[in-house]
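A closer look at the structure
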Amino acid sequence: MRRFPRRPRYLARSMTTTRHFEDGGDGCPDRGSGAEPCALASGAAGLREALGPRSIVLVGMMGAGKTSVGRRLALALDLPFVDADAEIEARAGMTIPELFEKHGEPYFRAGEARVIARLLEGGPQVLATGGGAWMNPETRERVAAAGVSVWLKAEIDVLLKRVRKRANRPLLASDPEATLRALAGARYPLYALADLSVVSRDTPHDHVVAELIAALHRRLIGEACEEKSS
Ligand SMILES: Nc1ncnc2c1ncn2[C@@H]1O[C@H](COP(=O)(O)OP(=O)(O)O)[C@@H](O)[C@H]1O
Ligand SMILES: O=C(O)C1=C[C@@H](OP(=O)(O)O)[C@@H](O)[C@H](O)C1
Ligand SMILES: [Mg+2]
């Protein structure tokens, strides 16, 4: 006897169940069930297949949730997770604030671009970038060639609330609100070039994960299925 439904209602479940997000099997989503995002119908395996060797690359402002939501997204899709900032810190043997202080931002940016280029060779995976990485045109080109980019987008007030929890972002050392607003003004037009955008609302991480999965599904599978059925 089956103790669990074949297609669990992912949205209604707690985070610990995200690993058990099951596969529908046929690669094309069921339609007409308004409450359940179609992503759930074809499952993680369908998304992984459509992704192929590409990386899901999260971009967006500091505090958008690239690291914390990205880790959960990887878990839900059963993909490896890598965080560019963590890789940079491990390679440099120092924290990002120390890197900024000892070597300056241009040095950090050059290392960041190199690290992301190397990480992009390791797909499929979920790759969380640091908020400034996407400003580099070569990085954008490399991501376009080897990944699917997703802009995680949050209101400034939400970002502020989140970044205030930790003093590990050297760019926000003084007047974080004014700095975030100025950075947003400069960066939003470039973040808007990402393949997809998903709002990182003031809701639990897993709700954002579910919206990411639904958006990825629409992009990677839904369009192909729509073409097939038209
Ligand atoms: N959807 C969310 N709900 C609650 N807290 C969140 C959410 N997204 C991010 N956070 C919190 O905000 C902080 C910054 O998130 P983080 O993932 O480090 O963002 P980024 O990597 O984009 O700078 C962390 O404490 C994280 O747990
Ligand atoms: O936006 C930025 O320029 C930065 C974002 C940080 O990463 P998160 O976006 O993960 O906080 C980190 O790379 C560094 O402090 C610079
Ligand atoms: Mg991060």
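Within each chain, residues carry numbers counting from 1 in the order of the written sequence. Starting at A for chains and at 1 for ligands, labels are handed out in the order in which the entities are written. Local features in a predicted model are, by the rule used here, given only for residues with pLDDT of at least 70; side-chain atom pairs are given and counted only at 80 or more, and totals for whole chains, interfaces and linings are based on all residues. Side-chain metrics rest on all non-hydrogen atoms present in the structure, leaving aside hydrogens and water.

1. Quick look at the site of ligand 1
Under the convention used in this document: By convention in these notes, a residue is near a molecule or strand provided one of its non-hydrogen atoms lies within 4 Å of it. The definition of a polar contact used here is a pair of N or O atoms within 3.5 Å, where within protein one atom must be able to donate a hydrogen and the other to accept one, and adjacent residues in sequence count solely through side-chain atom pairs. Throughout, the Shrake-Rupley method with a 1.4 Å probe supplies accessible areas, and for residues the shown protein chains are the sole cover considered. Each helix is a run of H or I in the DSSP string that is no shorter than four residues. Each strand is a run of E no shorter than two, and both are numbered from the N terminus. The classification used treats Ala, Val, Leu, Ile, Met, Phe, Trp, Tyr, Cys and Pro as nonpolar, Asp, Glu, Lys and Arg as charged, and all other residues, Gly among them, as polar.
The local shell around ligand 1 holds 17 residues, among which Gly63, Gly65, Lys66, Ser68 and Thr203 are the closest. Measuring from an oxygen atom of ligand 1, one finds a side-chain N or O atom of threonine 67 at 2.9 Å. Take arginine 162: an N or O atom from its side chain is 3.4 Å from a nitrogen atom of ligand 1. Protein chains shield 81% of the accessible area of ligand 1, which is 550 Å² for the free molecule. At four residues, the largest contribution of residues to the shell around ligand 1 is made by helix H2 (residues 66-77). Here the shell around ligand 1 is built from residues that sort into six nonpolar, six polar and five charged.

2. Quick notes on the UniProt feature "binding site: substrate" (unreviewed entry) in the chain
The line we're drawing: UniProt positions are given in the numbering used here, feature names are shortened, and annotations may be inferred rather than shown by experiment. Throughout, a contact is declared for two residues whenever any of their heavy atoms are within 4.5 Å. With a 1.4 Å probe rolled over the protein chains alone, any residue whose accessible area is under 20% of its type maximum counts as buried; one over 50% counts as exposed, and the rest are partly exposed.
The positions that UniProt labels "binding site: substrate" (unreviewed entry) are, in the present scheme, Asp85, Arg109, Gly131 and Arg187. Once residues lying within four places of it in the same chain are set aside, the contact partners of glycine 131 are Gly60, Lys66, Arg187 and Tyr191. Structurally, the position occupied by arginine 187 is in helix H8 (residues 176-191). Assessed through its relative accessible area of 6%, arginine 187 is described here as buried. Not counting residues within four places of it along the chain, the set of residues in contact with arginine 187 comprises Met61, Arg109, Gly131, Gly132, Met135 and Leu171.

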